[in-house]
Amino acid sequence: MHPPFTIQSSPNLAEILDKLNASIALTTYQAGKLVFIGAKNDHELSQLPRNFNKAMGISFKDDFLLMATKDEIVVFKNVPELAKTYPSAPETYDALYMPRMKYFTGIVDIHDVHWAGEDILGINTSFSCLVKLDKNYNFTPIWQPHFISDLVAEDRCHMNGLVIEDGRAKYITALGSGNVANSWREKITESGILMSVEDNRILLDGLAMPHSPLVYKGDLYFLQSAKGTLCKYNPESRAVDVIYSHDKFVRGLSIVDDIAFVAHSKLRKNSSTFSQLKIADSSSDCGVEVIHLPTGQKIAWMKYLSSVDEIYDLKILSGIRRANILNTEKGLHSLGLEIPNKTFWAKSTQ
C-alpha cells in the first residue's frame, strides 16, 4: 500500500516546471481535492492537496482563482505576503489563495468556469446552458444551444467546456446535441460537438467526448476523451489535426511555451458510461503527460499510485512555483487578514 497521494514521475518533470517557473493545479472531484504540484528544485516535486467538495472547473485571472464545487462557485485571492508568513511553514510558499466570496448555485453540475471581463460565467451541465453568476439568483441563463428547447434539469447534451476570448464567451463543447434527458449517453463516442457561442452554430460534430477546449496562438485545442487525443482546430481553415494520441481517457488541458500538459483518468469499470469505451481497459491509471506541441512528442509524465483516480481540470500557474490555498474547514482562513497595503495573521481566540 502506498501512502496517500503518492506520485511517480519522470525524472525531468521537476526540471521542466523549474525552468518554466510554473506549477500545476488540478482538480479531482472523485477525491474531492484541489491539488498544487510544483518543483522544490530541478529534481524534486512538491505537492499540496486541499479538500473541496466535488472540485470541478478552475480558472485563474490576475491574482484570483475561481473554482466550481458541488453546489458553489468560490472566489479566492492570492495574497503573497500572507504566503511568506504562513504560520506552519514560513518562507515556503510564493502564493496563498484565500477565500473571498461564494456563489450558491445549488446542485446544477457546474463544469468549466471563467471570467468574461468582470462577469463570472459557468457551464451549467444540468440545465444545458451557459450561465452568469451574481448576487441576484442561483444562476442567470445567458445562452443555450439552438437545439435545446427548455431550461430543465435533464442534462440533455452534457455541456462541459468553455472558451473565453477577448472577454466574451467564444466556444463550448458538449457530448451530444440531443433535446431529451441524457440523450448524449446513447452514442458517446461519436456524438460530441464543438459550437460557436456567437452565432450558435455547430462547428464540429462526430467527436468522441470533447473536453477542455482552449485557444492558444490563434488555434483552438481540445481533447477527445474517448479516443485519448489532443486535437487542434484552425477556425479559419476549419482543419482539425491530431497533435498527440494515446490509449487513455484524457480530460484537463493547459498549454504554456509550446508545452501541453494533458491529464488522464482511470476509468470506472462498473460505469455504464465508461465501460463501453474502447480505451476502458487501457485507462488504468491517473496522471499527467507533458507534450511538446511542435513535435507531438511526450517529454515527461507523472501518475498517481494512490488516492486520485479521476482528474477533471488542469491549469498551469505561470510565475508561481509553490502555491497554497485555504478552505474554510478548520478556520485558519479567518486568521489571514488583508487590508489595503497591509496583511496580518490574527491570533486565534480559541
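These figures come from a predicted structure and were not determined experimentally.

A. Quick peek at the sheet that holds strand E15 (residues 192-196). Ordered in space as E13-E14-E15-E16, the four strands form an open sheet in which the pairing is antiparallel. Both outer strands of the open sheet, strand E13 (159-165) and strand E16 (201-207), are each paired with one neighbouring strand and no more. Direction aside, the axes of adjacent strands within the sheet are offset by 20 degrees on average. With six bridges joining them, E13 and strand E14 (residues 168-174) adopt antiparallel strand pairing. In the strand pairing of E14, Ile164 is matched with Ala169.

B. Structural detail: the nonpolar core. Residues Ile24, Leu26, Phe261 and Tyr304 are the most contacted members of the largest nonpolar core, which totals 26 residues. At the level of elements, helix H1 (13-20), strand E2 (22-28), strand E3 (33-39), strand E22 (259-265), strand E23 (286-292), strand E24 (297-304) and strand E25 (314-318) are the ones that each hand at least two residues to this core. Sorting elements by how many residues they give to this core places H1 first, with five residues. One finds Ile73, Val75, Val108 and Leu133 within the second-largest nonpolar core, a separate group that totals 17 residues.

C. Just the layout of surface pockets, in detail. Quantified by volume, the largest pocket comes out at close to 670 Å³. If you go around the largest pocket, you meet 33 residues; those closest to its centre are Ser59, Phe60, His114, Leu214 and Lys315. Elements with a contribution of two residues or more to the lining of the largest pocket: strand E5 (58-61), strand E9 (110-116), E13, strand E17 (210-216), strand E21 (249-256) and E25. Taken as a whole, the second largest pocket encloses approximately 350 Å³ of empty space. Every residue lining the second largest pocket is counted, 20 residues in all, and those nearest its centre are Tyr29, His111, His158, Trp184 and Arg268.

D. The pairing of E23, seen in detail. In terms of burial, E23 is a largely internal element, six of the seven residues being buried. Where E22 lies against E23, six bridges are found, and the strand directions are antiparallel. Counted as the bridge partner of Ile259 is His292 from E23. When E23 meets E24, the two strands line up antiparallel, connected through seven bridges. Paired with Val288 across the two strands is Met302, which belongs to E24. Hairpin connection from E23 to E24: four residues lie between these consecutive antiparallel strands, with Gly296 at a positive phi of about 70 degrees.

E. Region of interest: the sheet that holds E5. With respect to topology, five strands assemble into an open sheet ordered E5-E6-E7-E8-E26, the strand pairing being mixed. Strands with a single pairing partner mark the edges of an open sheet, and in this sheet they are E5 and strand E26 (323-325). Averaged over all adjacent pairs, the angle separating strand axes in this sheet is 25 degrees, with direction ignored. Alignment of strand E6 (residues 64-68) against strand E7 (residues 72-78), held across five bridges, turns out to be antiparallel. Paired with Met67 across the strands is Val74, a residue of E7.

F. Structural detail: unusual backbone geometry. The residue Ser307 is not glycine, and still its phi comes out positive at about 80 degrees. Tracing the backbone through its elements, the reader meets Ser307 in the loop between E24 and E25. With a phi angle near 70 degrees, Asn341 is a residue other than glycine that sits in the positive phi range. Positionally, Asn341 belongs in the loop between strand E27 (336-339) and strand E28 (342-345).

G. Representation of the side chain of Asp134 in the model. With respect to the secondary-structure elements, Asp134 resides in the loop between strand E11 (129-133) and strand E12 (140-143). Of the buried charged residues, Asp134 lacks a salt bridge, with Lys132 as the closest side chain of opposite charge at 4.2 Å. Side-chain polar atoms of Asp134 contact the backbone nitrogen of Asn136, separated by 2.9 Å. The contacts of Asp134, once residues within four sequence positions are left out, are Tyr103 and Thr140.

H. Quick look at the pairing of strand E8 (residues 95-104). In this sheet, E8 lies alongside E7 in antiparallel orientation, the contact comprising seven bridges. Note on E8: the bridge partner recorded for Val74 is Lys102.

I. Region of the structure containing a nonpolar patch on the surface. Where nonpolar side chains cluster on the molecular surface, the patch consists of Leu337, Ile339 and Phe344 and spans about 240 Å² of accessible area. By the secondary structure assignment, Phe344 is in strand E28. A relative accessible area of 33% places Phe344 in the partly exposed class.

How each quantity is defined
Residues numbered from 1 in each chain as written. Predicted model: local features only at pLDDT ≥ 70, side-chain atom pairs only at ≥ 80, totals over all residues. Heavy atoms only, no water. Pairing = 2+ DSSP bridges. Helix = DSSP H or I, 4+ residues; strand = E, 2+ residues; numbered from the N terminus. Axes fitted to C-alpha atoms, helices over the stretch in contact; angles between N-to-C directions. Core = buried A, V, L, I, M, F, W, Y, C linked by side-chain atoms within 4.5 Å. Buried < 20%, exposed > 50% of the residue type's maximum accessible area, 1.4 Å probe, protein only. 1 Å grid on protein atoms, 1.4 Å probe; cavity = no way out; pocket = protein on both sides within 12 Å on 5 of 7 lines; lining within 4 Å. Points joined across faces, edges and corners; volume = space filled by probe spheres on them. Lys, Arg positive; Asp, Glu negative; His and termini not counted. Salt bridge = Lys/Arg side-chain N within 4 Å of Asp/Glu carboxyl O. Polar contact = N/O pair within 3.5 Å; in protein donor to acceptor, adjacent residues only side chain to side chain. Contact = heavy atoms within 4.5 Å. Patch = residues over 30% accessible without salt bridge, like charges linked within 9 Å, V, L, I, M, F, W, Y side chains within 5 Å. Areas by Shrake-Rupley, 256 points an atom, 1.4 Å probe, with all protein chains shown as cover.

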